[in-house]
Structure formats: C-alpha cells, structure tokens
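Chain residues, written in single-letter form:
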Amino acid sequence: MDIVLAITVGGLYAAGIYMMLRRSVVKLLIGLGLLSHAANLLIFTAGGVVRGRAPVVPSGEMQPLAEVADQLPQALILTAIVISFAVLAFALVLVYRTYQTLETDDLDQLKATDK
Amino acid sequence: MNAQVAVIAPIALPLATMAILLFAWKSIATQKIIGLIGSTLLAVSAAILLCLVDRHEILVLQVGNWPAPFGITLVADRLSSIMVMLAGLMGFSVSVYSLASIDASRVSYGFYPLMQLLLMGVCGAFLTGDLFNLYVWFEVMLIASFVLLTLGGERGQLEGAIKYVTLNLISSAVFLAAIGVIYAATGTLNMADLALKLRSFPDEGIVSVLAMLFLIAFGTKAAVFPLFFWLPASYHTPPVAVSAIFAGLLTKVGVYSLIRAFTLLFVTDLEFTHFLLLLIAGMTMVTGVLGAMAQNEIRRILSFHIVSQIGYMLMGLALFTPLALAGSIFYIIHHIVVKTNLFLISGLVERRFDSGQLKDVGGLYRSAPMLATLFFLSAMSLAGVPPLSGFFAKLTLIQGGLEAEGYAIVAVALVVSLLTLFSMTKIWAEVFWKPAPEEAVTAAYGLDDSTSVRASLFGPILLLATITVGIGALAGPVMNVSIATAKQLLDQDAYIEAVLPDHHLTASRPGPIVPVAGNSNASEQRIEPQELRPRPRGVTSQ
C-alpha cells in the first residue's frame, strides 16, 4: 500500500510542477492545488499506513491493544487542507481580478513590476 | 504580569483587537483609534515579555497544560522576545503612520483588522516551539499579507501579488512536505524534542535532506539567493505603510526560522549545511546590491537592499561562532528599524511628488531639510557609516568573520557595504540634492498638510530615527544583549531543558507522560509511545 501511495505522491508532484510551468495563470493555480494535495498525501503516507485500526482505546484499558493508525498526521492534514482551501479560494479571486484588470492570463505578459 | 500571560499576550492582543475592529467595521475613525490602541498594547506587552525573558532566560507555555512533546508549546527565549519587541514597535510605528496615509476606501475594506492579523501571525511564528504551528502561523501571516498587498486592486498590485502569492505558496508546500518527512523520520514535531532526536539520528543523509527542504522553505520566505524574485516584484506596489511593515517584518520571519532551525535542529553536519548557508549568504549580498544599483525607483532600490541585507544576517548564522551570531542578531535589530524607516520616508517623498521615480523628484534638501536629515541618518546607518547602528552591526559580523577565518565572506561583506553606500548616495543625490524638476514644482502637493497629519507622518519616522541613533550610541548594551542571545542560541541543552523538563526520563526510558485532561494523577499513567504510534517506515528499514 505504501508503494502505491508513494507513486501517487510522486505523480501529483510531477503533474503539479508541470502545470506550474505552463504560461496560463489558471494552470499555475491548478498546479499549486496539485502541489498542496501532494504534500498532504505525503504527510498521510509518512505517518505509516495501518488498515482498519482506529486509534480507539477500549473501555477499561489505558492504551490501544494493537498497533493503530497514527492520528496526528490526519489532524495535521485536516488543518493543512483547510488552510490550502482558503488560500486557493483567495488565489482564484486574485487571478480573476487580475484577468479583469490586466486583460491577460499569460504569465509572460505580467512583466510591468519587474522592470 | 504572570509569565505565562506574558508569553501568550503578543498573540492574544492582536487577535482581540482584530475581533473588536470587526465590530467597528462601519466607522473609519473608530477603526483607526482601536487599531492604534491595539498596536500600542502589543508593543507594551512585547516590552514586558522582553524584560521577563531578560530575568528568567526562557519562558515556556504549554498550551492547554498538555506537556511537550504532545501539546502545543510556546517558547519565549531571548531571540523570540527581541523579535516580538521589534514586531510590536514596527506595528506601532506603522499604525501611527497609516492614520494619515491610508485612504478611507482601504480602511473600509479592512486595512486595520488585516494589519492586526499580520502582527498576530508574525508574533505567533516568533513564539511557537513546534514546527507544524510554525507552518500555521506562517499561513496566518501570509493570508493577511496577500490581502494587504492586493487591497485597492491597482494594476501593479495585482501583478506583483500573482508572483508573491505563487512563490510563497510553493514555499509553503515545500515546508509542509518537509514537515511530513521529518515526522516520518523522527515521530515528533516539537522543536526541542526534534533537537534531541536529531542528535542521535542514525542516518546523516536523511538529516541533510531535511535540512535542505527547510532551507528552501524558509529561504524563499527570507528572500535569499536564488529564491528572492517575488520580493522586488511586489514590495513597491502597495501603499507605503503596507510595504514598510512587509519590509521590516516578513522576510525577517524567514530569517528567524532559518536561525532557529540551523542553531537548534540541524547542527550535526556543520561542514555541509553551514557552508552552503555561507555560500548563499555571499550570493544574496552580491545579487541584492547589484540589483539595487540597476534600479531607478526609490522603493525598488530599497526592496533590492532588503535582499542584500538578508545575506548579512545569514552570514553570522553560517559562520556559527558566538560573535558572528551576535553580529547577525545585532544586524536584524538594526535592519528592521532602519528599513521600515526608509520605506516610511520614501512614502513622504512619493506623497510630495506623486512618483517614486528618481527622475521625477528632487530638491527636497532645500524644501524639507528635516526629512532630508532623517533620511540621511537612516541611509548612512544602512550603509554602515559610524557611529550609527549599522556600523556596529557590520563591525561585529566582520570581527566574527575574521575570528572564524572566513576571509572570503568578509571581503564580500565589505565590498557590498561599499556598494550599498554608493546606492544610498544615489538616492540622496537624486531625491535631495539635485534641483527639483520643473513640472514637479507645480504638481507638488502634500505641503499644505495640517499639523495632525504631519505629526502622524513624521512622528514614527522621528521615533525610528531616534532608535537608530540610540542603538549606535548604546552599542555596548545592545551588543551585550546580542551576545547573550547568541550564547543562548548555541546552548541547545538549555532550550531542550526548558521545554522538556523531564527529558532525561524520556531519553533513558521511552515512557513520557500521557496527558489526560482534568485528571490530576495523570503523571502516573505511562505508556510506551512506540506501541501507540506505528514505527516510522523510513527508520526501521535502516
């Protein structure tokens, strides 16, 4: 299972970076989204994959009886997803406003502030 | 004040101010007053924190009373509290300055709440003792800065924001990936616990990979070579009050994180990591100053100088001796004050001529001698002319460099310093000395400002210039504080001891306390963490 997830993470990174190298601003955003998904999935895989064992302590016990899924990465991802969702929503609005104001979605034409 | 309250206050006060500001959404005058009170309170609480840390060394707050490494830890050591103090001071200065310089439409779209959010993120990043929390505070700060940067929606702002947002989001993604990998490798994210675990980590290669991931993540935020392009593309686009606080604080959060990571966590392979830092420091200095020399707009020149000076801050860190590190800290203290001030002054110049292009301005030495004097003080301090604060900061760094026998970097630092002086003289000659262009005289406005507007614009500049001169005059005491800070940074045991008081117990017998909320005899319940947490794959395969 780990290896499948590892390949998925790698694929997401590759796709994300490929999209970010395009000239369209919208594709840049899709690339950013893929990149943050890749990072989230990486954290999930990093915590170790344990199938079907929720970290629940049976009543009367002080600790789980067998090896359980690590809950911390899942909490981290939950936070990271919320943050990246908010940031991506902002970025979408930004791109739309930029398109309205500058009338282009070509990154090569956004050069005025670099001169 | 209670020590624990003092640690949380720099985060809680901006949060409370922001919440109150949202209730005053409709009234611009009320927002200004509340924003100013909030920033003043933040500065006061930061000063109290600094005094307390000076007396008690390291203050630790385990949020919710969950002991480290399980809970969220806030740590205030000397470096954190100095940075929080500077953040409070800049927040106060820029709040005063923005009273008169931010237009009503920006205030009505939430300038003041966003500024408080930004200050909360910055203070949180300085105070946290946990990597994932650092990520969250970074994002809080970034979201606020994104909106502040685009507030107003002018062409340049939107275009600069695309670059700023993209590069900062990429660095956040790298940071998040680094957090994932470091958790897989060590099973913890608490910085003190990590420091302990990385010391005896079996595979040096993985530690180096982690160090590089964090270097990219923090380096992008700190605008080091070659990751700095977003900074000069965006910092000159928003209103001056916004650029000033960005210039003063945001890149310094990256520098702070680099210092924290490379004095506490990644100190096992100095030959590789710190040599790379030294290379980056040199390249950053040189590219920044060369970029600045090619520019013809005041704020763009100043933006490139930020990049160049990040190099000086990294130089001390890379040399990694107490004296050099003290030089870095002195440099940060000096730089935040001077750079914010230079941006504020550039705002007054732009206000008068309605342009920041060097060709459009001139003759200010005659028409505004006080402004010229204040600019001269800050510019010379930036270039490192004695007896101003920049001189002592650079002197310490160079002494540290000679002591560590890093002659090449010392030579680079000296040459870059000279080029900085050249670049500052260029602004001085163009803006203040050369006669004003014909058309500018008729277009000139900002001369008929009322006294209160003048007070709000000149007050912060005067305050920051006084501090610059003050740091130069009191270089001895500031140096002592910097040296004490550097020593504290190099004494990792003290940090670990403060955050994890019973870490000897965890080191010898892996059975830390499992907290049970509201249970007073929780300390008796010990479990083996290995059983609770699956063994990270990366380690077992070694």
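Residues numbered from 1 in each chain as written. Chains lettered and ligands numbered in written order. Predicted model: local features only at pLDDT ≥ 70, side-chain atom pairs only at ≥ 80, totals over all residues. Heavy atoms only, no water.

In the nomenclature of an unreviewed UniProt entry, chain B is known as Na(+)/H(+) antiporter subunit D of Rosistilla carotiformis.

Condition: UniProt positions are given in the numbering used here, feature names are shortened, and annotations may be inferred rather than shown by experiment.
The name that an unreviewed UniProt entry assigns to chain A is Na(+)/H(+) antiporter subunit C, with the source organism given as Rosistilla carotiformis. Entered under Subcellular location (unreviewed entry) in the UniProt record, the comment concerning chain A runs "Cell membrane". Within the UniProt record for chain A, the comment given under Sequence similarities (unreviewed entry) is "Belongs to the CPA3 antiporters (TC 2.A.63) subunit C family."

Focus on the overall build of chain A
Formally: Elements are defined by DSSP. Helices are runs of H or I of four residues or more, strands are runs of E of two residues or more, and each kind is numbered from the N terminus. This radius of gyration counts C-alpha atoms alone. The globule rule is 2.2 Å times how many residues there are, raised to the power 0.38. For every residue, the accessible area obtained with a 1.4 Å probe (protein chains only) is divided by the maximum for its type, and the residue is called buried under 20%, exposed over 50%, and partly exposed between those limits. Residue exposure ignores everything except the shown protein chains as possible cover, and the areas themselves are Shrake-Rupley values with a 1.4 Å probe. Positive: Lys, Arg. Negative: Asp, Glu. His and the chain ends are not part of the count. Charged side chains are reduced to one point each, which is NZ for Lys, CZ for Arg, CG for Asp and CD for Glu.
Assigned secondary structure in chain A consists of three helices and zero strands. In summary, chain A has a C-alpha radius of gyration of 20 Å against a globular reference of 13 Å for 115 residues, an excess of more than 25%. Each principal axis of the C-alpha distribution contributes one length, and for chain A these read about 65 × 25 × 20 Å. Across the 115 residues in chain A, those meeting the buried criterion constitute 39%. Counting every atom, chain A has about 6,700 Å² of accessible surface; 65% of that belongs to carbon and sulfur. Averaging the coordinates of the 8 positive side-chain charges in chain A and doing the same for the 9 negative ones gives two points 9 Å apart.

Considerations on the UniProt feature "transmembrane region" (unreviewed entry) in chain A
Residues and elements named next belong to chain A. Summarizing the sequence annotation, UniProt attributes the feature "transmembrane region" (unreviewed entry) to residues 6-21, 28-52 and 72-96 in the numbering used throughout. Counting secondary structure, residues 28-52 comes out at 76% helix and 0% strand; the distance between its end C-alpha atoms is 37 Å. In residues 72-96, the share of helix is 100% and the share of strand is 0%. The end C-alpha atoms are 36 Å apart.

Here's the deal with the interface of chain A and chain B
Defined as follows: Throughout, a residue-residue contact means that at least one pair of heavy atoms, one from each residue, lies within 4.5 Å. As used here, buried area is the combined drop in accessible area, with a 1.4 Å probe, of two parts when they are placed together. Any Lys or Arg side-chain nitrogen found within 4 Å of a carboxyl oxygen on Asp or Glu counts as a salt bridge. A 3.5 Å cut-off defines polar contacts: any pair of N or O atoms within that distance qualifies, except that in protein one atom must be a possible hydrogen donor and the other a possible acceptor, and neighbouring residues in sequence count only when both atoms are side-chain atoms. Any residue that is not Ala, Val, Leu, Ile, Met, Phe, Trp, Tyr, Cys, Pro, Asp, Glu, Lys or Arg is counted as polar, Gly included; the first ten are nonpolar and the last four charged.
At the junction of the two partners, chain A supplies 45 residues and chain B supplies 42 residues. When chain A packs against chain B, the two sides together hide about 3,700 Å² of surface, and 72% of this comes from carbon and sulfur. For the pair chain A and chain B, the number of links is zero salt bridges. Between the two partners, chain A and chain B, sit three residue pairs in polar contact (both at pLDDT 80 or more). Counting residues per element, the ones that place at least two in the side of chain A that touches chain B are helix H1 (2-20), helix H2 (25-46) and helix H3 (71-102) of chain A. Residues of the side of chain A that touches chain B, tallied by class, amount to 30 nonpolar, eight polar and seven charged.

Examining the packing of aromatic side chains
Residue and element names in this part refer to chain B. This is how it is decided: What counts as a ring pair is set by centres within 6.5 Å for rings of Phe, Tyr and Trp (its six-membered ring), and what kind of pair is set by the plane angle: stacked under 30 degrees, edge-to-face over 60, tilted for all other angles.
According to the stated counting rule, one finds 25 aromatic pairs over all chains in the structure shown. Measuring from ring centre to ring centre gives 5.5 Å for phenylalanine 132 and tyrosine 135, while their planes differ by 40°; the resulting arrangement is tilted. Note that phenylalanine 132 and tyrosine 135 are positioned in helix H6 (residues 131-150) at a spacing of three residues, about one turn of the helix. Each member of the pair, phenylalanine 132 as well as tyrosine 135, carries the same accessibility label: buried. Ring geometry for phenylalanine 376 and tryptophan 428: centres 5.0 Å apart, planes at 55°, overall tilted. In this pair, phenylalanine 376 is assigned in helix H16 (residues 369-383) and tryptophan 428 in helix H18 (residues 407-433), connecting sequence segments 52 residues apart. In this structure phenylalanine 376 comes out as partly exposed when scored by relative accessible area, which is 36%. An aromatic cluster of at least three residues, connected via ring pairs, comprises Phe132, Tyr135, Phe138, Phe175, Phe214, Phe218, Phe262 and Phe266.

Some details on the pattern of salt bridges
Scanning the model with the defined rule gives 13 salt bridges over all chains in all. With its nearest N and O atoms 2.9 Å apart, the salt bridge here joins Arg106(B) to Asp103(B). According to the relative accessible area criterion, Arg106(B) is buried, its value standing at 9%. Residue Asp103(B) is classed as partly exposed on the basis of its relative accessible area, which comes to 33%. We note a salt bridge from Arg299(B) to Glu350(B), for which the minimum N-O separation is 3.1 Å. Placement of the pair is Arg299(B) in helix H13 (residues 298-319) and Glu350(B) in helix H14 (residues 322-353), with a sequence separation of 51 residues. Look at Arg299(B) and you get buried, because its relative accessible area is 5%. Connected via shared salt-bridge partners are Arg23(A), Asp106(A) and Asp108(A).

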